[in-house]
Amino acid sequence: MDKQDIRDLLKDFVNNDAGNRVSGELALRPDLEGLKLLEPPLVGFGESGDPAFKTLKEPEVVGSHFMLPQEWLEGAKTVISLFFPFTAEVKASNGADMNWPSDEWLHARIEGQDFLFQACRHVQGFLEARGFSCLIPSLDRRFTSNISGAREKSPAGGKNRRLYYTSNWSERHVAYVCGLGTFGLSRGLITARGMAGRFGSILTSAPFEGDPRPYSRYDEYCTRCGACARNCPAAAISLTEGKRHPPCAAFVDSTMEKHQPRYGCGKCQVRVPCENGIPPARRPIALRS
Ligand code: SF4
Ligand code: SF4
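Every chain's residues receive numbers from 1 upward, in the order its sequence appears when written. For this description, chains carry letters from A and ligands carry numbers from 1, given in the order in which they are written. At least 70 in pLDDT is required for a residue's local features to be given in this predicted model, at least 80 for side-chain atom pairs to be given and counted, and no such filter applies to totals for whole chains, interfaces and linings, which use all residues. Water and hydrogen atoms were dropped before computing side-chain values, which therefore reflect all heavy atoms in the structure.

1. A few points about the overall build of the chain
Put simply, the rule is: Numbering of helices and strands starts at the N terminus; helices are DSSP runs of H or I of at least 4 residues and strands are runs of E of at least 2. This radius of gyration counts C-alpha atoms alone. The globule rule is 2.2 Å times how many residues there are, raised to the power 0.38. Three labels apply to residues, based on accessible area from a 1.4 Å probe with only protein chains included: buried if under 20% of the type maximum, exposed if over 50%, partly exposed otherwise in between. Throughout, a contact is declared for two residues whenever any of their heavy atoms are within 4.5 Å. Accessibility throughout is a Shrake-Rupley quantity obtained with a 1.4 Å probe, and a residue counts as covered only by protein chains that appear here.
For the chain, the count of helices and strands is eight helices and ten strands. Its C-alpha atoms give the chain a radius of gyration of 19 Å, near enough to 19 Å, the size a compact globule of 289 residues would have. Counting only residues that meet the buried cut, the chain has 54% of its 289 residues in that class. Within the chain, contacts between residues at least 6 apart in sequence are counted, and of these 73% link residues at least 24 apart. Working note: accessible area of the chain is about 13700 Å², and carbon and sulfur atoms make up 49% of it.

Spelled out as structure tokens, the structure:
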């Protein structure tokens, strides 16, 4: 068994399993029955002893509450990080109206996430059948996700209390360590297949060689073009302050009021230079006032 076996397994599952398509029972519109949600994932491998995981415990990165791979799974040797891009149809639909999430995007955000977990469990079954132990942190009973706060310098020189979401296993930070990409101004992760999609991960006792990180800075792929900030209906992103979570969360909550149990937004991930890949060059675009 090698890394390509895992990639092939996932590609086959994503392309052929019916769970990756909207069922007639759940479709928000009749024409959405059969809509494909996710593309086969980019797969990054990280060795659980990589010191980069420890840096995620630093307060300015994730924090001391971040649990290391071995704290989740005794004997963990490898972290398998996955980025599933949304399909072109899902992305295009969300770019058609920049004020409200499309039905396709809502399906991809919710049913797509459910399917992502199915894909993770599929890998888990494959590895366990070969005698290795596995754990999916986001599905573990110890997984927590909270709103938190920190004092930080404001652009004016004072100190503000800044609120942000944090969890004891951050898929995007783990993907960064596993070589899948770097952070953008919008706090999404820019990968070789862009930013619009979902992340997941699996821990296993199976030993795989870690993939290289082809970057040296946490935000290396972001051009700071400002397109994500211009797209944001909640004015939650700016070149000076980056992303502020409270206005983003309030907007996403407002979509929940209308679409419960679904919700979403993702306007910062579509019609941007990092939607489908790494932006080619720094191309500043003036922000609207
Ligand atoms: S849209 Fe531009 S500024 Fe925003 S994350 Fe992408 S590259 Fe960075
Ligand atoms: S998800 Fe929507 S509200 Fe939140 S930062 Fe992105 S564009 Fe703004």
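Next, the rest of the story.
2. Thoughts on the packing of helix α1 (residues 3-16) against helix α5 (residues 103-128)
Here is the rule: Inter-axis angles, ranging from 0 to 180 degrees, are taken between N-to-C directions of lines fitted to C-alpha atoms, where helices are fitted over the stretch in contact. Oblique is the label for every angle not falling under 35 degrees (roughly parallel), over 145 degrees (roughly antiparallel), or within 65 to 115 degrees (roughly perpendicular). Two helices crossing with the near one rotated counterclockwise from the far one by less than a right angle form a left-handed crossing, whereas a clockwise rotation gives a right-handed crossing.
Their axes nearest at 10 Å, the elements α1 and α5 cross at an angle of 140°. Viewed along their axes, α1 and α5 adopt a mutual orientation that is oblique. The chirality of how α1 crosses α5 is right-handed. Along the contact surface, α1 presents Asp 5, Ile 6, Leu 9, Leu 10, Phe 13 and Val 14, while α5 presents Phe 115, Gln 118, Ala 119, His 122, Val 123, Phe 126 and Leu 127.

3. Notes on the confidence of the model for the chain
The following threshold applies: On a range of 0 to 100, pLDDT expresses the predictor's confidence in each residue.
Of the residues in the chain, 91% have a pLDDT of 70 or more, and the chain-wide mean is 91. Counting interchain partners and residues more than four positions distant, the pLDDT-below-50 stretch residues 149-163 has 29 contacts.

4. Concerning the packing of aromatic side chains
Put simply, the rule is: Pairing of aromatic side chains requires ring centres within 6.5 Å, counting the rings of Phe and Tyr and the six-membered ring of Trp. Pairs whose planes differ by under 30 degrees are stacked, by over 60 edge-to-face, and all others tilted. Consider the ring centre and the ring normal. A charge sits over the ring if Lys NZ or Arg CZ is within 6 Å of that centre and within 35 degrees of that normal.
Following the criterion strictly, the structure yields ten aromatic pairs and no others. Note on Phe 45 and Phe 208: the rings are 5.1 Å apart at their centroids and 50° apart in plane angle, and the pair reads as tilted. With Phe 45 in strand β1 (residues 42-47) and Phe 208 in the loop between β8 (197-204) and α7 (227-231), this residue pair connects regions lying 163 residues apart in the sequence. Just as Phe 45 is buried, Phe 208 falls in that class too. Measuring from centroid to centroid gives 4.7 Å for Phe 83 and Phe 199, while their planes differ by 35°, and the two rings are tilted. You can see Phe 83 sitting in strand β2 (residues 78-85) and its partner Phe 199 sitting in strand β8, a full 116 residues away along the chain. Owing to a relative accessible area of 0%, Phe 83 belongs among the buried residues under this scheme. With a relative accessible area of 11%, Phe 199 lands in the buried category. Taken together, the aromatic side chains of Tyr 176, Phe 183, Tyr 215 and Tyr 221 make up a single cluster linked through ring pairs. Cation over ring: Arg 130 sits above Phe 126, and NZ or CZ is 3.7 Å from the ring centre.

5. Remarks on the site of ligand 1
What counts, and what does not: We define proximity as follows: a residue is near a molecule or strand when any one of its heavy atoms falls within 4 Å of that partner. Just so you know the grouping, Ala, Val, Leu, Ile, Met, Phe, Trp, Tyr, Cys and Pro go in nonpolar, Asp, Glu, Lys and Arg go in charged, and all remaining residues, Gly too, go in polar.
Lining the immediate environment of ligand 1, one finds 14 residues, of which Cys 222, Cys 225, Gly 226, Cys 228 and Cys 274 sit closest. Across the shell around ligand 1, the residue classes break down as nine nonpolar, four polar and one charged.

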